[in-house]
Amino acid sequence: MIALTREVSPAIVRCELTHLPRQPIDVSLTRAQHLAYERTLEVAGCTVVRLPADDSLPDSVFIEDVAVVFDEVAIVTRPGAASRRLETPAVADSLRQHRPLCAIHDPGTLDGGDTLVVGRRVFVGLSGRTNREAVAQMRRILNPHGYSIEEVEVDVRGCLHLKSAVTAIDDETLLINRRWADAKQFAGLAVIDVAQSEPHAANVLRVGGSIVCAAAYPMTQQKLEAHGVRVTPVDVSELAKAEGAVTCCSLIFKE
Ligand code: CIR
């Protein structure tokens, strides 16, 4: 597996914020946490390919939002925040070596954080960043490859992206915060609820045989372990000040 990552930009202190008040971000600490995150991915079996930072792109470390990679094709997104649209060329150049590329075009907007892939089902969240036109474009790209696209409502007052509210533990089971996404939208899949006191804990990263989660959510971690899930916690507290979590700092795909 390859994990494509992008170095933390010093401009992260000027990141986009939707729900959180701006807090000072320690760039060195963010970099140290990001390095530890990359090591965790290596231990889980990934070859980390790290793209250089761009001093003019505050949110470029959150590489998940600019592409969605399938076995057959990679889709370069058109991020919902205009400030993030210049993040795509460097990521597209790298992905071109691994997959045929498709792209989301104007007037579509899509953040990769709104795309949850479970087997051949692709759930796309209608968040503040992703619109129906992008869902239609995803359908045109992916239906010929045998994927079904399902539009999902998320509570934009609470969460930034679909994957802030729900991620997959395996191809049958989701980890969810039902206050932000109605579990009925995921018919046929089992659900584990995040701990009540940890609304942001649903964002976990499936990599190799393990699940990477943010260390800030021990109660949800215990719930996962009680279900027999092997969990690796990572400290991403500085990235969380920029409204980032564990899925958003990598694009993981088969070599
Ligand atoms: C943004 O607002 O775009 C960034 N500050 C955070 C993006 C986090 N991305 C993700 O969870 N997929």
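Our subject is the structure listed above.
Residues numbered from 1 in each chain as written. Predicted model: local features only at pLDDT ≥ 70, side-chain atom pairs only at ≥ 80, totals over all residues. Heavy atoms only, no water.

Participant: Would you mind showing me how to read the overall build of the protein chain here?
Facilitator: When helices and strands are counted, the protein chain shows six helices and 15 strands. Taken against the 2.2 N^0.38 rule, which gives 18 Å for 255 residues, the C-alpha radius of gyration of the protein chain at 17 Å falls within 12% of a compact globule. With the C-alpha coordinates of the protein chain rotated into their principal frame, the extents come out at 45 × 40 × 35 Å. Out of the 255 residues in the protein chain, the part that is buried amounts to 54%. In the protein chain, the share of contacts with a sequence separation of at least 24, taken over all contacts with a separation of at least 6, comes to 69%. As presented, the protein chain carries roughly 10,700 Å² of accessible surface, and 52% of it is formed by carbon and sulfur atoms. (Helix = DSSP H or I, 4+ residues; strand = E, 2+ residues; numbered from the N terminus. Rg over C-alpha atoms; globule rule 2.2 N^0.38 Å. Buried < 20%, exposed > 50% of the residue type's maximum accessible area, 1.4 Å probe, protein only. Contact = heavy atoms within 4.5 Å. Areas by Shrake-Rupley, 256 points an atom, 1.4 Å probe, with all protein chains shown as cover.)

Participant: I'm lost on the sheet that holds strand β13 (residues 210–214) in this one. Help?
Facilitator: Each strand in a sheet pairs with its neighbour through backbone hydrogen bonds, running either in the same direction (parallel) or in the opposite one (antiparallel). One open sheet accounts for three strands, arranged β12-β13-β14; its pairing is mixed. Edge strands, defined here as strands with exactly one partner in the open sheet, are β12 (205–207) and β14 (231–234). Put simply, the sheet's adjacent strands are angled 30° from each other on average, direction ignored. Across four bridges, β13 lies against β14 in parallel orientation. (Pairing = 2+ DSSP bridges. Axes fitted to C-alpha atoms, helices over the stretch in contact; angles between N-to-C directions.)

Participant: What am I meant to see in the environment of V76 here?
Facilitator: Relative to the assigned elements, V76 resides in strand β4 (residues 74–76). Between the C-alpha atom of V76 and that of T88, which follows or precedes it by twelve residues, the distance is 6.9 Å.

Participant: Sorry, what's going on with helix α5 (residues 218–226) here?
Facilitator: A turn of α-helix holds 3.6 residues, and therefore any two residues three or four places apart point the same way. Looking at α5, one finds that the buried residues are T220, Q221 and L224. Buried residues of α5, seen end-on, are gathered within an arc of 105° and therefore sit on one face of the element. Among the exposed residues of α5, those pointing more than 90 degrees away from its buried face are Q222 and A226. Considering only its buried residues, α5 is in contact with β10 (173–176), β11 (190–193), β13 and β14. (Arc of directions from axis to C-beta.)

Participant: Where do I start with the site of the ligand in this structure?
Facilitator: Taken together, 13 residues form the shell around the ligand, and within it D59, E64, D65, R84 and A242 come nearest. The side chain of R84 places a nitrogen or oxygen atom 2.8 Å from an oxygen atom of the ligand. Take H161: an N or O atom from its side chain is 3.4 Å from a nitrogen atom of the ligand. Within the complex, 98% of the 340 Å² of free accessible area of the ligand lies under protein. Considering only residue class, the shell around the ligand consists of four nonpolar, two polar and seven charged. (Near = heavy atom within 4 Å. Polar contact = N/O pair within 3.5 Å; in protein donor to acceptor, adjacent residues only side chain to side chain. Nonpolar A, V, L, I, M, F, W, Y, C, P; charged D, E, K, R; others polar.)

Participant: Whenever I open this one, the pattern of salt bridges confuses me. Can you help?
Facilitator: Where charged atoms of side chains with opposite charge meet at close range, the side chains can pair. This structure, assessed with the given rule, holds 18 salt bridges. Of the charged contacts in the structure, one is a salt bridge between K254 and D71, with a shortest N-O distance of 3.0 Å. Separated by 183 residues along the polypeptide, K254 in the segment after β15 (251–253) and D71 in the loop between β3 (67–69) and β4 bring together distant segments of the chain. Exposure remark for D71: the relative accessible area of 43% places this residue in the partly exposed category. Between K241 and E238 there is a salt bridge; the shortest N-O distance is 2.8 Å. Members of the salt-bridge network, linked through shared partners, are D65, R84 and E87. (Salt bridge = Lys/Arg side-chain N within 4 Å of Asp/Glu carboxyl O.)

Participant: Explain the sheet that holds strand β2 (residues 47–51) here, please?
Facilitator: Ordered by their spatial adjacency, three strands build an open sheet running β2-β1-β15, and the pairing between neighbours is mixed. Each edge of the sheet is formed by a strand with only one pairing partner; in this case those strands are β2 and β15. Mean inter-strand twist for the sheet, computed between neighbouring axes without regard to direction, equals 20°. Relative to β2, strand β1 (residues 2–6) runs parallel, the two being bridged by five bridges. Its bridge partner lying in β2, L4 is registered against V49. Packing of helix α1 (residues 27–43) onto the sheet brings it into contact with β1, β2 and β15, and relative to β2 it is tilted by some 150°. Taken strand by strand, helix α2 (residues 88–95) contacts β1, β2 and β15, and its axis lies near 160° from that of β1.

Participant: What am I meant to see in unusual backbone geometry here?
Facilitator: If a residue is not glycine, its phi is most likely negative; likewise, a peptide bond is most likely trans. Following D106, the chain continues into P107 via a peptide bond in cis, with omega recorded as 10°. The residue P107 is located in the loop between β5 (101–103) and β6 (115–118) in this model. The backbone of E243 shows a phi angle near 65°, a positive value even though the residue is not glycine. With respect to the secondary-structure elements, E243 resides in the loop between α6 (237–240) and β15. For E243, a relative accessible area of 18% puts it in the buried group.

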